[in-house]
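# Survey of secondary and tertiary structure
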Amino acid sequence: MRNSFLHRMSKTALMSGASVAMFALGAAPAMAQDADSADTAGTNDYVIVTGSRIKRTGFDSPTPATVMSGDLIEDLGQINAAETLKLIPQNSSFQSDATAGITAGANVGASFANLRGLNPYNGTRTLTLVNTRRFVPSSDGGAVDLNIIPSSMISRVETVTGGASAAYGSDAVAGVVNIILDTDFEGFRGQVDYGQTSRGDGETYHASLTLGTGFADGRGHVVIGGEFQDQKGIGDCADVRLWCAEGWDRFTNASNILDNGMLSGYDIPGSPGYGLPNFIIGPDSKQAFNDPHGVVRNRAPADPAARNKRFNDDGTGILDFDTGNYVSTSTFGARQGGDGASTYADPDIQTPVERYVGYLYSEYELTDTLNVYGEFTYANRTASNSGVTAGPRSTFFVKPTNPYLPAELVGLLNGTEFSLGKDIDNQVPARNAAKSEVFRGLVGVNGSFGDSWSWDLYYQYGRNDRHQDRDNSRVNTPFIYALDAVVDPMTNEIVCAELLEADPDPIATGCVPFNLFGLDNLDPAAVAYAYRPVVEDFEYTQHVIAGSIQGEIYEGWGAGPIGVAAGGEYRDEGGDVTHGDIPNYNDYAFTFGLDFAGDISVMEGFFELNVPLLRDSPLANYLEINGAVRQTRNKASDRLTSEEKVSNATSWKVSTIYDITEGLRFRGSRSRDIRAAGFRELYLKNVPTEEGSSQGIVDNPAIPGSPGGGGDDPTPILSGGAFSLTPEKADTTTLGFVVSPGFAPGLTFSADWYQIKIKDVVTTLTGQGIVNFCNEYDLFCDRITYANPMDITFVDARQVNLGALTVRGFDFEVAYNLPLDDLYSGLAGDLNLRLMANHQYDFVVTPDPTVDPTDYAGQSGPVLDGGDFNPAPNWIWNGFVSYNYGGFNSTVTVRRVGSGIYGVQYTGPEDDGYDPMLANSISTNRVDAATYVDLAVSYAFGVGSNEENFEVFASVNNLFDKKPPVAPGGGGLGGSNYPTNPVYFDTFGTRFRTGLRVRF
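Residues numbered from 1 in each chain as written. Predicted model: local features only at pLDDT ≥ 70, side-chain atom pairs only at ≥ 80, totals over all residues. Heavy atoms only, no water.

Taking an unreviewed UniProt entry as the reference, the protein chain is identified by name as TonB-dependent receptor domain-containing protein belonging to Hyphococcus aureus. According to the UniProt record, the Sequence similarities (unreviewed entry) comment for the protein chain is "Belongs to the TonB-dependent receptor family." On record in UniProt, under Subcellular location (unreviewed entry), the comment for the protein chain is "Cell outer membrane". (UniProt positions renumbered as here; feature names shortened; annotations may be inferred.)

Here it is, written out as structure tokens:
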């Protein structure tokens, strides 16, 4: 019943980038798509390879591709397509269940494909297909959440890394992930499993069921499947993992304020920081003046005698507050040591996710040459994460007359107000939750005529409804009123001062005064008055009508028939994002932005030609050339402003296969790819940040002694989409070879060089980035408003088209399939080895031709600019060693993330030219490598007359509990969400899964 693992892994290798050409090169026979066809290769089974629209005999693709089979997914004990994508070295898992601290928002818990790390934060450059067709986006950025794919029904996952716009249209700049479901399944297949970490958290319950059968005497076929997963998640980082509790972070040693009011820094002679670099990587990170008791910040207007005091537990007295080191003059940001909670007390290590997925596929043969089919998907995903609650802003001053203040502090204040720092997360928790429902329905007809011609026509409707809510967003005016507590002279009760005014502000109605001093003194009624929930609803629909035809137009001249494919597609999609009828919405400290809505309609036509030139000739065993072109018309319409625009673009691709001998193939491709800005990039509208908050401040270079990290010029910053964005253009080149030596049957090696050059890159710049570009390069100065040179009053940081981005590197793959009895007749079983590697040596960002380019290649430190792109360590590789005998299988997976640079903008002791007096100096600029080992075993056995209808399996990931390297960062304004980079490094620790499968 169960296919041999050798055949299954051979299938995987044959369809991979290393072994697209594991074949008899001269004859180019059909490649094995499954274990059974592996025995009948050469029977001219036609398939369509991802990256092309022409059917071929075999997976003879000139573009590097990697395929992970459904059988391999089972052998590894995986239950989610996102886990499979993590095995591919070219994929960067920026948006996943491990990155909630970085990506908390409406996409919390989602997992997106992100080839080459090229996805922008508000969009995607990786096209995700299901059964070679587009899927309705599950995010307003256009990406498809892999959680909504029924993993139990996956036949294989095909990944093409490189431009594929000519074949599939926009978004395929970095490549395509094509998830092929097993629509031919017959029988019954069920699975139940349970997993958790070695520490007892991260519990996951999972079950799936698939049924398939024929009907109408074999003319029809139906497959139905369902899947459920309940992932409990892993809690707040510093509370549940010792490596996180160590609190490693990057501290800024510039313009720091000491307890006595003096300044310290790397460039201030005689200060404690002098002689140390500007940036320090060290443990014990906490936030400046952030303490659950409440603390008087070291800043005006408080009397110096009252500063650096914290309240005792019940708020009736004060104690000296240990401020720690590297405290910015802005009085917020990371500091090392002292009193208070860890910087990492809030971010979740793993997001809790619950998902339901249902899938139905049916087809019916109306005649011998005409079929009708339908495909329906329903998915429901809920996820949540804990966050940080906004306490009192540094400019919300407490008056010395506040009746809740201890008398001792009132005396020290000497009539001055003070700025209160307080961590209120335990008393006013913030929870971000999102629920998404996705429906996709497709009906189509296909058929054939003549000897080689086939056609397909379908209509697809998709809808995504997502609701997001966040608890306890601070409402500024009510908060200020609640903070201003006084004694009512008539009742002798403590009330809000505004209520005693002759004509009180209507907003003060219901005001309950705050007692923010000490622990657990907050009145729930005061919290309910000053903190309110915020919501966001996202509705998105997609209509697609597409048709294609393909066949052979000429028998050729002995090398093989000339094939063509042509077709067209009309896609109309659009959505609404609303936020409820919330009064005074702009007064909230945190919102999901303003309402926005828009439509995108796309009309495309494509043509592809494949010409075999030589076969069995003295010049070549086989030679072919392939060309494709696509014309695209994109129309965007803003529903709220009635703005419209139309863009036209042409994408194309030329590729070739050149087989010199049966064991050596060369391949190459060159393409022009396009990507139009997506829904969120065009239409997103936001509220400007709060002036003076951690998101509403910049370092103004015109101000002497600018701190270089904490900010010195409070100003509102506007982010969001821009309707003026123009389409991106990318030129992609790949060159490679595949070797399958005759002296080592079963061994295949491939190497491919790639280069992707993207122009007019759609990107998000921070407010500080806008200021820096203006100051250093005279760019984007029109986006800054000044009252005078030393007072910036507004920064427009909406999305822009920015220069160019160039990525270069090599992909390698080795596969070796070895029946052990070939070595020695007494040995039993099959051994399979596979290695996939990516070496990225260039990740060059050129903001403008007048600006020096920056090469981020090799950086494995914090994500950049909120995740707008994600460079990788120079080397990442995954290796598999598998043994199969009878019903037993064992697979060891080794994943290596090479050592990297912490940040290319820094200079550390390991770098040339290091000097601690440099403004970009850092105590260390390297991130250690990490190696992770996984083990999976399974055993199939029979009950009754069936040989192998039951299977037990178990897997252990991160077998040796390797803790992640130190690589803090990833937060806004250069802050840290984790002391490591969870995009590349495992943060869960050792975890296991065990379960049972049943097949009939």
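What follows deals with the overall build of the protein chain. For the protein chain, the count of helices and strands is 13 helices and 54 strands. When the backbone C-alpha atoms are referred to their principal axes, the protein chain occupies close to 100 × 60 × 60 Å. Relative to its full complement of 1000 residues, the protein chain shows a buried share of 59%. Contacts spanning at least 24 positions in sequence make up 71% of the contacts within the protein chain whose residues lie at least 6 apart. Carbon and sulfur atoms form 55% of the exposed surface of the protein chain, whose accessible area is close to 36500 Å². (Helix = DSSP H or I, 4+ residues; strand = E, 2+ residues; numbered from the N terminus. Buried < 20%, exposed > 50% of the residue type's maximum accessible area, 1.4 Å probe, protein only. Contact = heavy atoms within 4.5 Å. Areas by Shrake-Rupley, 256 points an atom, 1.4 Å probe, with all protein chains shown as cover.)

Another aspect to go through is the nonpolar core. One finds Leu118, Ile154, Ile179, Leu181, Ile758 and Phe843 to be the most contacted residues of the largest nonpolar core, which totals 53 residues. The dominant element in this core, judged by the number of residues it contributes, is strand β40 (residues 747–763), at 4 residues. Dropping the residues within four chain positions of it, Ile179 is found in contact with Ala81, Leu129, Val130, Asn131, Leu146, Ile149, Ile154, Arg156 and Val157. (Core = buried A, V, L, I, M, F, W, Y, C linked by side-chain atoms within 4.5 Å.)

This next bit is on the pattern of salt bridges. Under the criterion given, the structure shown has 48 salt bridges. In this structure, the salt-bridge partner of Asp171 is Arg134, at a minimum N-O distance of 3.9 Å. Placement of Asp171 in the loop between α6 (165–168) and β7 (175–181) and of Arg134 in strand β5 (residues 133–134) is noted, with a sequence separation of 37 residues between them. Taking relative accessible area as the criterion, Arg134 reaches 9% and is therefore assigned buried. Members of the salt-bridge network, linked through shared partners, are Arg134, Asp171, Glu569, Arg571, Glu573, Glu604 and Arg630. (Salt bridge = Lys/Arg side-chain N within 4 Å of Asp/Glu carboxyl O.)

Moving on to the sheet that holds strand β3 (residues 65–69). Strands sit in the order β3-β6-β7-β4-β5 across an open sheet of 5 strands; the sheet is mixed. Only two strands of the sheet have a single partner each, and these edge strands are β3 and β5. (Pairing = 2+ DSSP bridges.)

Another point: a nonpolar patch on the surface. Taken together, the side chains of Phe376, Tyr378, Phe439, Val443, Leu457, Tyr459, Ile545, Tyr570 and Met603 present a nonpolar region at the surface, about 800 Å² in accessible area. Of all the secondary-structure elements, those providing two or more residues to the nonpolar patch are β23 (370–387), β26 (430–449) and β27 (453–474). Relative to the helices and strands, Phe439 is located in strand β26. (Patch = residues over 30% accessible without salt bridge, like charges linked within 9 Å, V, L, I, M, F, W, Y side chains within 5 Å.)

With that settled, the discussion passes to the side chain of Ser394. By the element assignment, Ser394 lies in the loop between β23 and β24 (397–398). If sequence neighbours within four positions are ignored, Ser394 has contacts with Arg297, Arg299, Thr331, Ser419 and Gly692.

A few words on the sheet that holds strand β42 (residues 791–796). Taken in spatial order, the 3 strands line up as β38-β42-β41 in an open sheet, and their pairing is mixed. Edge positions in the sheet fall to β38 (717–718) and β41 (784–788), since each has one partner strand and no second. Across 4 bridges, β41 lies against β42 in antiparallel orientation. Its bridge partner being in β42, Thr785 is matched across the sheet by Phe794. Most of the contacts of helix α13 (residues 767–777) go to β42, to which it runs at about 110°, and overall it touches β38, β41 and β42. (Axes fitted to C-alpha atoms, helices over the stretch in contact; angles between N-to-C directions.)

On to the packing of aromatic side chains. Overall, the coordinates contain 38 aromatic pairs when judged by the stated rule. Between Phe666 and Phe737, the ring centres sit 6.4 Å apart and the planes meet at 55°, which makes this aromatic pair tilted. With Phe666 in strand β35 (residues 664–675) and Phe737 in strand β39 (residues 728–739), this pair connects stretches of sequence that are 71 residues apart. Among the residues examined, Phe666 registers a relative accessible area of 33% and is labelled partly exposed. Arranged with centres 6.5 Å apart and planes meeting at 25°, the rings of Phe749 and Phe812 form a pair that is stacked. (Phe/Tyr/Trp six-rings, centres within 6.5 Å; stacked < 30°, edge-to-face > 60°.)

Glancing now at α13. Along α13, the residues classified as buried are Gly767, Gln768, Gly769, Ile770, Val771, Phe773 and Cys774. Those residues of α13 that are buried lie in contact with β36 (697–698), β38, β41 and β42. Backbone geometry just downstream of α13 places Asp778 in the positive-phi region, at approximately 60°.

A word on helix α10 (residues 476–483). Structurally, the α-helix is built with 3.6 residues per turn, so residues lying three or four positions apart point the same way. Counting buried positions over the 8 residues of α10 gives 7, a clear majority of the element. For α10, every residue scored as buried is listed here: Asn476, Thr477, Pro478, Phe479, Tyr481, Ala482 and Leu483.

Turning to the side chain of Gln859, a few remarks are in order. By the secondary structure assignment, Gln859 is in the loop between β45 (854–855) and β46 (875–885). Gln859 sits in the buried class, given a relative accessible area of 2%. In terms of polar contacts, Gln859 uses its side chain to reach the backbone carbonyl oxygen of Pro862, at 3.3 Å. (Polar contact = N/O pair within 3.5 Å; in protein donor to acceptor, adjacent residues only side chain to side chain.)

Structurally, Pro403 can be placed in the loop between β24 and α9 (407–413). Take Pro403: its relative accessible area is 29%, and that puts it in the partly exposed class. Taking the C-alpha atoms as reference, Pro403 lies 73 Å from Gly568; in sequence the two are 165 residues apart. With near-sequence residues (within four places) excluded, Pro403 lies in contact with Ala485, Val486, Val487 and Ile494.

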